[in-house]
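Descriptive analysis of the structure
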Amino acid sequence: MNTLRFITAGNVDDGKSTLIGRLLYDSDSIHTDQLGVLQKQTKQEGVDIDLSLITDGLRAEREQGITIDVAYKYFSTSKRKFIIADAPGHEQYTRNMITGASNSDLIIVLVDARNGITDQTKRHASVGSLMGIKKAIIAINKIDLLNYSEEVFNQIKNDFEAIKSELNYNEIIYIPVSALVGDNVVTTSENTPWYNGKSILQTLESVELDGTEDLEARFQVQWVIRPKDEDNHDYRGYAGQILSGSYKVGNKVTILPAKIETTLVKIEKDLKEVSEVVAGDNVVLHFENDIDISRGDTVVLSNQLPKEDNQINTWISWLDNNSLQVGKTYLLQHRFKNVRVKVQQINRKWDVNQWQFTDGDAVQLNDIAQVTLKTSQPLYYDTFEKNPKSGSAILIDETSFNTVGALMFL
């Protein structure tokens, strides 16, 4: 059973938390003891349970009635497992949304049927697209407040269709819903007889994922295993997770940065020898030659080499309260590989509200920009569009050790 990771986004008061609450409540994914607590916390007259409380866990969120942090929820059905990231709607929490979107396969963008497509709708759809998400559900919520109007649904659908060429989604699904009432959330509703599609849950259960096993093979060494006992003095294995693609015993591989070619002679998974492993597997690899390999070294198929450069153009989403400083040295962490970098220049900034590039000499909290980095040694990577697993990294301040930027290589 595979796992679908998805994120919800939308304007404040569009009903994100209520939608997730309804999804969990109607799919029987809430424990009985938790239901009792939620019923006691619900203050609305005539309402058995305030569904938004299921995800709005922080005290500040409950007091203000908004979502600030990214709330993660886990549930499953007979068809699939799910991890939900409920992202903030406010512009000042763009960095939180990027955190949630970075590992998501799909985005649900909520649109209030009364307001239609807004600047925030565009911003959330733009950020989801920028983070490499390829599939989107446009949930036109509160349709019950407009008497389940097919005309309103079609108008909002057409308005989003007019802007989708600016985005990189390869599949967009439009669903009329009422998160509060439950229309088309878990099951299809009789209140929208003009809608012939699936409910949100049915769509989540059936949507096809773009598998990372189809990408070029990428593996980065996390641990070098050398047992100290005499019985295993010849044992030398390299542990980590297959980031993308697949590896087979007998493959010709190249170790980077040493650029040494060797043969993959043994693969271990779950303490057993196997002949092939694919993306997502945690494995130990063994090579034919005795090579000096360290944590952070990359193993690729010899006919699938990544890019090599020490001058990198990249998107950056700035996460720190202090602004980015051109000429300052930062630490770039590319999975388990760390290199020192300097910010050479800020090329341009992305105005996610106006959907246009602007000139700028400063990158501040929640800004998204294209910058050029100079690394102290060559980095081996892919573009984010080609392979998000090896095309992303984080930037760390050497003084405070705070994570200050999320990188998506161009």
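Preceding block: the structure.
Not measured: the values here are computed from a predicted model. (Residues numbered from 1 in each chain as written. Predicted model: local features only at pLDDT ≥ 70, side-chain atom pairs only at ≥ 80, totals over all residues. Heavy atoms only, no water.)

Further remarks concern the overall build of the chain. Tallying secondary structure elements over the chain gives seven helices and 23 strands in all. Of the contacts made within the chain by residues no fewer than 6 positions apart, 69% connect residues no fewer than 24 positions apart. With an accessible surface of roughly 19700 Å², the chain has 42% of that area assigned to carbon and sulfur atoms. (Helix = DSSP H or I, 4+ residues; strand = E, 2+ residues; numbered from the N terminus. Contact = heavy atoms within 4.5 Å. Areas by Shrake-Rupley, 256 points an atom, 1.4 Å probe, with all protein chains shown as cover.)

Another point: the pattern of salt bridges. Across all of its chains, the model carries 13 salt bridges by this definition. In this structure, arginine 218 engages glutamate 216 in a salt bridge whose closest nitrogen and oxygen atoms are separated by 2.9 Å. With relative accessibility at 2%, the residue arginine 218 sits in the buried group. For the salt bridge of lysine 269 with aspartate 281, the shortest nitrogen-to-oxygen distance reads 3.3 Å. Remark: aspartate 281 occurs in the loop between strand 14 (276-278) and strand 15 (282-287) and lysine 269 occurs in strand 12 (residues 260-269); sequence separation between them is twelve residues. Taking relative accessible area as the criterion, aspartate 281 reaches 14% and is therefore assigned buried. (Salt bridge = Lys/Arg side-chain N within 4 Å of Asp/Glu carboxyl O. Buried < 20%, exposed > 50% of the residue type's maximum accessible area, 1.4 Å probe, protein only.)

This paragraph deals with a negative patch on the surface. There is a patch of like negative charges on the surface, built from Glu208, Asp210, Glu213 and Asp214. With respect to the helices and strands, aspartate 210 occurs in the loop between helix 7 (200-206) and strand 7 (218-220). (Patch = residues over 30% accessible without salt bridge, like charges linked within 9 Å, V, L, I, M, F, W, Y side chains within 5 Å. Lys, Arg positive; Asp, Glu negative; His and termini not counted. Charge placed at Lys NZ, Arg CZ, Asp CG, Glu CD.)

This brings us to the side chain of lysine 349. Examined against the element boundaries, lysine 349 turns out to sit in strand 19 (residues 337-351). Those residues within four positions of lysine 349 in sequence are excluded, and the remaining contacts are Gln356, Phe357, Thr358, Gly360, Ala362, Asp367, Ile368 and Ala369.

Turning our attention to the nonpolar core. The nonpolar side chains of a soluble globular protein tend to be buried, and buried together. Core analysis: the biggest nonpolar cluster contains 36 residues, and Ile7, Ile107, Ile138, Phe160, Tyr169, Ile172 and Ile368 have the highest contact counts within it. Put simply, the parts of the chain that give this core at least two residues each are strand 1 (3-10), helix 4 (94-101), strand 4 (106-112), helix 5 (119-130), strand 5 (135-141), helix 6 (150-161) and strand 6 (171-176). Residues within four places of isoleucine 138 in sequence aside, it is in contact with Val109, Val111, Phe160, Ile172, Ile173, Tyr174 and Ile175. (Core = buried A, V, L, I, M, F, W, Y, C linked by side-chain atoms within 4.5 Å.)

With that out of the way, let us pick up the packing of aromatic side chains. If you walk through the whole model with that rule in mind, you get eleven aromatic pairs. Each ring, one from phenylalanine 75 and one from phenylalanine 82, has its centre 4.7 Å from the other, and the planes form 20°; the classification is stacked. As far as burial versus exposure is concerned, phenylalanine 75 and phenylalanine 82 are alike and both buried. Judged by centre distance (5.3 Å) and plane angle (45°), the rings of phenylalanine 153 and tryptophan 194 are tilted. One end of the pair, phenylalanine 153, is in helix 6; the other, tryptophan 194, is in the loop between strand 6 and helix 7, with 41 residues separating them in the sequence. (Phe/Tyr/Trp six-rings, centres within 6.5 Å; stacked < 30°, edge-to-face > 60°.)

Moving on, we come to helix 5. Counted at 1.5 Å a residue, the expected span for helix 5 with its twelve residues is 16 Å, and the 16 Å between its end C-alpha atoms agrees. Summarising burial for helix 5: ten of the twelve residues are buried, a large majority. The set of residues buried in helix 5 consists of Gln120, Thr121, Arg123, His124, Ala125, Ser126, Val127, Gly128, Ser129 and Leu130. Downstream of helix 5 by one or two residues, glycine 132 has phi in the positive range, about 90°. (Expected span 1.5 Å × (residues − 1).)

Here strand 11 (residues 252-256) pairs with strand 12 via four bridges, running antiparallel. Among the inter-strand pairings, threonine 254 is bridged to a residue of strand 12, identified as glutamate 261. Here strand 11 hands over to strand 12 after three residues, with lysine 259 in that stretch at a positive phi of 60°. With four bridges joining them, strand 12 and strand 15 adopt antiparallel strand pairing. When the bridges of strand 15 are listed, leucine 264 appears paired with phenylalanine 287. Note: strand 12 against strand 13 (residues 272-274), three bridges, orientation antiparallel. Across the sheet, residue glutamate 268 finds its bridge partner in strand 13, namely glutamate 273. Connecting the antiparallel pair strand 12 and strand 13 is a turn made up of two residues, with aspartate 270 showing a positive phi of about 55°. (Pairing = 2+ DSSP bridges.)

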